[in-house]
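Report on the structure
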Protein chains: 4
Amino acid sequence: MVSRSVLEVRYAETDQMGVVHHGAYVPWLEVGRVHWLRAAGVEYAELEREGLFFPVVELELRYRRALRFGQEVEVRTRLAELASRRLVFAYEVAPLGGGLAAAGQSVHVPQDASGRVRRLPEALYDLLQSLLEPHT
Amino acid sequence: MVSRSVLEVRYAETDQMGVVHHGAYVPWLEVGRVHWLRAAGVEYAELEREGLFFPVVELELRYRRALRFGQEVEVRTRLAELASRRLVFAYEVAPLGGGLAAAGQSVHVPQDASGRVRRLPEALYDLLQSLLEPHT
Amino acid sequence: MVSRSVLEVRYAETDQMGVVHHGAYVPWLEVGRVHWLRAAGVEYAELEREGLFFPVVELELRYRRALRFGQEVEVRTRLAELASRRLVFAYEVAPLGGGLAAAGQSVHVPQDASGRVRRLPEALYDLLQSLLEPHT
Amino acid sequence: MVSRSVLEVRYAETDQMGVVHHGAYVPWLEVGRVHWLRAAGVEYAELEREGLFFPVVELELRYRRALRFGQEVEVRTRLAELASRRLVFAYEVAPLGGGLAAAGQSVHVPQDASGRVRRLPEALYDLLQSLLEPHT
């Protein structure tokens with residue numbers, strides 16, 4: 001499964017180079033991840049209320065082409081790797097109707113509220129496993 | 001008491017107008033407030049651990065002159081009004097060695113962790129009262 | 001005319017109080033303003049390309065009720081005052097299906113790229129005037 | 001050369017997990033980079049005014065330990081790789097008096113104002129080369 005989130009570049013996301021600041025992509029990937037989970041039937045806000053957190057332990061972004069205020073961008077998100085204590089999401093960011101602007105991935109380790117590593121509950125693991133998309 | 005916090009404009013705080021985005025001042029005022037409390041002997045992080053929160057209920061900012069990446073700015077903070085259930089902080093933001101860039105104020109209502117309004121503890125009220133600075 | 005923009009609270013917009021940080025509303029109002037202009041037939045990105053900028057000279061926000069990650073919010077924007085060198089936008093922020101979370105306004109002075117105050121072009125002034133909404 | 005920048009965690013940089021949001025580190029690395037250049041005698045704001053930009057083309061971050069509001073953190077920055085059309089900066093982020101919180105690197109391609117790739121001017125290249133620090 002690949003989820004698609006459409007976002008509008010906000011003025012506040014630009015910097016004095018006249019394009020979107022490289023840090024502004026990070027919340028976009030997070031939106032993509034939340035939408036992917038929702039498409040899988042999992043509400044991330046609920047997971048947290050039940051004591052399961054997916055903090056980011058690694059983040060990678062490659063920027064190909066600058067984005068500008070006024071553009072709409074699509075974030076395409078997939079679950080690229082899965083283990084009982086590790087999830088890897090992969091992302092593509094593209095302006096609507098255009099080529100790739102950026103690609104990246106984030107690695108997550110499931111934790112409880114106190115920060116201890118937790119195995120994914122079995123039912124959740126099975127669900128995510130069925131939606132894994134290792135290759136683009 | 002007026003506290004002085006020196007901050008360096010971060011590149012990420014600029015926008016495509018080539019100056020600091022108006023929203024970037026909001027975290028600066030917060031830094032100013034935290035420093036004012038620290039100068040008063042109150043660590044805001046500790047207050048929260050003890051269950052006392054100062055959420056912002058009103059915010060006002062007037063922008064006089066644009067700020068740019070590479071500038072250092074001073075945030076001057078004072079406690080302008082105080083009641084048992086209301087604090088008003090006032091701020092001036094100025095580039096080092098220059099005139100006023102912005103001025104503003106924030107209004108806070110003390111709350112507990114569940115969001116219920118709380119009176120300020122008496123000792124804290126008395127301390128803050130002794131440092132009140134109604135006029136610039 | 002009142003425009004309506006629907007936004008989803010982003011995880012990155014929360015703070016350790018467990019709710020949306022008060023500074024995160026500022027880019028939302030900006031989105032509301034850009035959408036209002038678009039609904040009026042004016043693309044803000046184009047205005048800037050033509051050398052007309054609407055920097056914020058005053059900002060006011062009153063927070064009534066906290067917002068949380070996972071909520072959708074509506075920003076309702078109207079042009080509340082207009083003069084040839086001054087625009088005032090007014091905003092309401094409300095969770096979908098709920099009461100008011102925040103209200104505010106921003107004051108803008110039209111400028112050229114070098115920061116000099118400019119009168120609004122007459123055709124633009126007339127258009128905006130026809131859409132003025134002084135009262136809620 | 002390794003430069004050291006001390007930053008205070010801002011309240012606005014936390015999220016509802018109660019720790020610093022992973023995206024908030026990105027502007028910190030940028031501060032580290034600007035300070036490293038300054039220690040080398042290069043003011044990044046001046047470089048841009050002269051038409052030389054160092055946009056980020058790749059970004060990598062590994063998070064080891066959460067950071068909290070109230071902590072002071074040190075960003076240690078070094079230039080890890082250099083070619084005439086490519087710079088790689090490496091970073092360590094550590095709370096004062098504590099172990100490593102995060103490490104990362106950013107890759108930059110020198111460009112002119114219109115986004116065309118530029119070779120580094122020879123004098124700048126030689127200066128940077130003399131300060132290269134490939135290993136920690």
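Please refer to the structure higher up on the page.
Okay, so let's go over this structure. As the structure is a prediction and not an experimental result, all values here were calculated from the model.

Summed over the entire model, instances satisfying the criterion amount to 28 aromatic pairs over all chains. When the ring of Tyr-25 of chain C is compared with that of Tyr-63 of chain C, the centres are 5.0 Å apart and the planes differ by 85 degrees; the resulting orientation is edge-to-face. Here Tyr-25 of chain C, found in helix α1 (residues 25-39), pairs with Tyr-63 of chain C, found in strand β2 (residues 56-63); they are 38 residues apart in sequence, far enough to count as distant. A ring pair is formed by Tyr-44 of chain C and Phe-54 of chain C, whose centres lie 5.9 Å apart and whose planes are at 40 degrees; its orientation type is tilted. Residue Tyr-44 of chain C is found in helix α2 (residues 44-49), and its partner Phe-54 of chain C is found in the loop between α2 and β2; the two are separated by 10 residues along the sequence. For the pair formed by Tyr-44 of chain C and Phe-54 of chain C, the shared burial category is buried. Taken together, the ring pairs in this structure connect Tyr-11 and Phe-69 of chain A together with Tyr-44 and Phe-54 of chain C into an aromatic cluster.

For these two chains of identical sequence, chain A goes onto chain D by a turn of 180 degrees and a shift of 0.0 Å along the axis, with RMSD 0.0 Å. Seen this way, the second copy is the image of the first under a two-fold rotation axis. In terms of C-alpha distance to the rotation axis, chain A has Glu-60 of chain A as its closest residue, with the C-alpha 2.2 Å off the axis.

Once that is clear, we can look at the relation of the copies chain B and chain C. For the pair chain B and chain C, the best superposition has an RMSD of 0.0 Å and corresponds to a rotation of 180 degrees with a translation of 0.0 Å parallel to the axis. Interface overlap between copies: 100% of the residues of chain B at the interface are likewise at the interface in chain C, consistent with a symmetric, same-surface contact.

Residue and element names in this part refer to chain A. With the rule as written, the count across this model stands at 44 salt bridges over all chains. Glu-43 is paired through a salt bridge with Arg-38; the nearest N and O atoms lie 2.7 Å apart. Judged by its relative accessible area of 30%, Glu-43 falls in the partly exposed class. Overall, the relative accessible area of 31% leaves Arg-38 in the partly exposed class. Connected via shared salt-bridge partners are Arg-4, Glu-74, Arg-76 and Glu-92.

Let us now look at the sheet that holds strand β1 (residues 3-8) of chain D. Strands sit in the order β1(A)-β3(A)-β4(A)-β5(A)-β2(A)-β2(D)-β5(D)-β4(D)-β3(D)-β1(D) across an open sheet of 10 strands; the sheet is antiparallel. Here the strands that pair on one side only, and so sit at the sheet edges, are β1 (2-8) of chain A together with β1 of chain D. Within this sheet the neighbouring strands show an average axis-to-axis angle of 20 degrees, counted without direction. In terms of strand pairing, strand β2 (residues 56-63) of chain D meets strand β5 (residues 102-108) of chain D through seven bridges, oriented antiparallel. Bridge assignment links Val-56 of chain D to a residue of β5 of chain D, and that residue is His-108 of chain D.

Moving on, we come to the environment of Thr-14 of chain C. Note that Thr-14 of chain C resides in the loop between β1 (2-8) and α1. Taking relative accessible area as the criterion, Thr-14 of chain C reaches 0% and is therefore assigned buried. Sequence separation between Thr-14 of chain C and Arg-68 of chain C is 54 residues; the distance between their C-alpha atoms is 7.2 Å. What Thr-14 of chain C contacts, discounting residues up to four positions off in sequence, is Val-19, Val-20, His-21 and Phe-69 of chain C together with Thr-14, Asp-15 and Gln-16 of chain D. A distance of 2.7 Å separates a polar atom in the side chain of Thr-14 of chain C from the backbone oxygen of Tyr-11 of chain C. Engagement of the side chain of Thr-14 of chain C in a polar contact is seen with the backbone nitrogen of Gln-16 of chain D, the distance being 3.0 Å.

Reading the values: rules and limits
- Residues numbered from 1 in each chain as written.
- Chains lettered and ligands numbered in written order.
- Predicted model: local features only at pLDDT ≥ 70, side-chain atom pairs only at ≥ 80, totals over all residues.
- Heavy atoms only, no water.
- Phe/Tyr/Trp six-rings, centres within 6.5 Å; stacked < 30°, edge-to-face > 60°.
- Helix = DSSP H or I, 4+ residues; strand = E, 2+ residues; numbered from the N terminus.
- Buried < 20%, exposed > 50% of the residue type's maximum accessible area, 1.4 Å probe, protein only.
- Least-squares fit on C-alpha atoms with pLDDT ≥ 70 in both.
- Contact = heavy atoms within 4.5 Å.
- Salt bridge = Lys/Arg side-chain N within 4 Å of Asp/Glu carboxyl O.
- Pairing = 2+ DSSP bridges.
- Axes fitted to C-alpha atoms, helices over the stretch in contact; angles between N-to-C directions.
- Polar contact = N/O pair within 3.5 Å; in protein donor to acceptor, adjacent residues only side chain to side chain.

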